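Listed below, chain by chain, are the residues.
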Amino acid sequence: MLPNSEAIDAGNGDSTTTDQRGYTATNTRDIGAFESFVPVVTAPMDISVEATGPLTSPALGSASVSDVDEPGLIAIASPADNFALGMTTVTWTSTDSYGFIGTDSQIVTVVDTTDPVVTTPSDISIEATGPLTSVKLGTATAIDLVDGALMPTADNSGPFPVGETIVTWSVTDANNNCLLYTSP
């Protein structure tokens, strides 16, 4: 019980040898309920962050905890890192020395709005072999933060007429982020 509680040592003795808590009884009894408070946890605000890879570990902030009879408690986040795309509920929990548990929730939303990065083959200049000439374009590559390696496709693989032809390479990740890269 809290110091100065009106319930401490207020009762009169009786014939029992223990009180309601199991302690040895004396001529005075503690009456009333045991006074303890559940920690009140306040989670940080919900956040939305851009993905940094297949799993993202954003700064969650910190929860505050108040407990009348036990100041200085902290709350622990679960999960605390490695969030996949989409919404995840983070539960902040604080447990006091009496075993009382306080919780609050925070929503972490990870989004992917970043286009893949495309690397195209070098420009090609060759002699025409006729009105149309076959050309080996080479292979473009693409890397996406979330999806990893992707395979871009060319909008034109030939054969090509005499003169300059612009080839556009495109790639789309699983979240419909699309990149068009034009190379002469």
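Report on the accompanying structure. These numbers were taken from a predicted model, which means no experiment stands behind them.

**Things to note about the environment of Ser-134**
Stage number 1. You can see Ser-134 is positioned in the loop between strand 10 (132–133) and strand 11 (141–144).
Stage number 2. With 24 residues separating them in the primary sequence, Ser-134 and Gly-158 have C-alpha atoms 5.9 Å apart.
Stage number 3. Apart from the residues lying within four places of it in its own chain, the contact partners of Ser-134 are Ile-126 and Pro-159.

**So, the pairing of strand 8 (residues 101–111)**
Stage number 1. Here strand 4 (residues 47–50) pairs with strand 8 via four bridges, running parallel. Bridge pairing links Ser-48 to Thr-109 in strand 8.
Stage number 2. Two elements, strand 7 (residues 86–95) and strand 8, share 10 bridges in a ladder whose sense is antiparallel. Within strand 8, the position partnered with Thr-89 by the bridge is Ile-107.
Stage number 3. Between strand 7 and strand 8, which follow one another and run antiparallel, lie five residues, and Gly-99 among them has a positive phi close to 90°.

**Here we look at the environment of Ala-80**
Stage number 1. Looking at where Ala-80 falls in the secondary structure, it is placed in the loop between strand 6 (76–78) and strand 7.
Stage number 2. Relative accessible area serves as the criterion here: at 41%, Ala-80 is assigned to the partly exposed category.
Stage number 3. Between the alpha carbons of Ala-80 and Val-90 there is a distance of 7.3 Å; along the sequence they are 10 residues apart.

Each value, and the rule that gives it
Residues numbered from 1 in each chain as written. Predicted model: local features only at pLDDT ≥ 70, side-chain atom pairs only at ≥ 80, totals over all residues. Heavy atoms only, no water. Helix = DSSP H or I, 4+ residues; strand = E, 2+ residues; numbered from the N terminus. Contact = heavy atoms within 4.5 Å. Pairing = 2+ DSSP bridges. Buried < 20%, exposed > 50% of the residue type's maximum accessible area, 1.4 Å probe, protein only.

Note that every value here comes from positions in space, so none of it alone points to a role or purpose.
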